[in-house]
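Examining the three-dimensional arrangement
Take a look at the letters that make up each chain.
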Amino acid sequence: AQKVTQAQTEISVVEKEDVTLDCVYETRDTTYYLFWYKQPPSGELVFLIRRNSFDEQNEISGRYSWNFQKSTSSFNFTITASQVVDSAVYFCALSESVTSLNQGGKLIFGQGTELSVKP
Amino acid sequence: GAVVSQHPSRVICKSGTSVKIECRSLDFQATTMFWYRQFPKQSLMLMATSNEGSKATYEQGVEKDKFLINHASLTLSTLTVTSAHPEDSSFYICSASGRASGVSYNEQFFGPGTRLTVL
């Protein structure tokens, strides 16, 4: 069965600190996708990144970076020099691969990590 | 990027009434739509998956007679909460995947969500 675990329920940091959000996943599929989403207080999910299982290259986008390690089934997310606007709930998610035209991959979400960045 | 809209954004109703929530893909053909429910401080839980023109597939524990899903066209899916009760109060989010230039099957685009309050 597929499962995503975000062990950190809440994290509180002071502005300009770096923070890493952990994500560990379980799947028997050899082809799968991993995602990170941000959910601000408004509730709308904001897509941050998608990574497929064959691409273990780390990615950096501005202050955001992601570390994908298949050996430990982890896909951790780091925010460098955090800002108050980064305060939100962050979800890690796992998707099966799509094999047919009319079938979208189901997303399995982790429990979410609530990040609070204080000024 | 692809845009998904939801209507209404917020609804308050009396216990026993039915509520319909619409989910539209604005600039792509949504071959698959997903409906999620999110209780406060919790993760998104998949309720059902619907492919255009087919009956929805419900997740275990979700009552298909209570949560009616229709996906009659490639741009519209509706979720009807029948005979709503206070315990149905939640944040309902739809997402869609499909085809258009630049849209891959393995990415879901999320609507902004509908907050349902049943009195």
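Cut-offs applied
- Residues numbered from 1 in each chain as written.
- Chains lettered and ligands numbered in written order.
- Predicted model: local features only at pLDDT ≥ 70, side-chain atom pairs only at ≥ 80, totals over all residues.
- Heavy atoms only, no water.
- Salt bridge = Lys/Arg side-chain N within 4 Å of Asp/Glu carboxyl O.
- Helix = DSSP H or I, 4+ residues; strand = E, 2+ residues; numbered from the N terminus.
- Disulfide = S-S within 2.5 Å.
- Buried < 20%, exposed > 50% of the residue type's maximum accessible area, 1.4 Å probe, protein only.

**Notes on the pattern of salt bridges**
All chains considered together, the criterion is met by 7 salt bridges over all chains. A salt bridge links D88 of chain B to K66 of chain B, with the shortest nitrogen-to-oxygen separation between them at 2.9 Å. Note that D88 of chain B is positioned in the loop between β8 (76-81) and β9 (90-99) and K66 of chain B in the loop between β6 (57-58) and β7 (67-73), a separation of 22 residues in sequence. Each of R51, D55 and E59 of chain A takes part in salt bridges that share partners, so that together they form one network.

**Considerations on the state of the cysteines**
Every disulfide links exactly two cysteines, by a covalent bond between their sulfur atoms. For the coordinates displayed, the defined rule picks out 2 disulfides over all chains. Put simply, C23 of chain A and C92 of chain A are joined by a disulfide, and their sulfur atoms are 2.0 Å apart. Disulfide C23 of chain A to C92 of chain A: torsion about the S-S bond roughly -65°, handedness left-handed. In this pair, C23 of chain A is assigned in the loop between β3 (19-21) and β4 (24-26) and C92 of chain A in strand β10 (residues 88-96), connecting sequence segments 69 residues apart. On the basis of relative accessible area, C92 of chain A is assigned to the buried category, the value being 0%. Each disulfide pairs two cysteine sulfurs, and for C23 of chain B the partner residue is C94 of chain B, the sulfurs being separated by 2.0 Å. Classification of the bridge connecting C23 of chain B and C94 of chain B rests on its S-S torsion, roughly 80°, and on that basis the disulfide is right-handed. Of this pair, C23 of chain B sits in strand β3 (residues 19-25) while C94 of chain B sits in strand β9; the two residues are 71 residues apart in sequence, bridging distant segments of the chain. Comparing C23 of chain B with C94 of chain B, the two get one shared label, buried. For C13 of chain B, which is in no disulfide, the shortest distance to another cysteine sulfur is to C94 of chain B and amounts to 18 Å. The buried category is assigned to C13 of chain B, whose relative accessible area is 10%.

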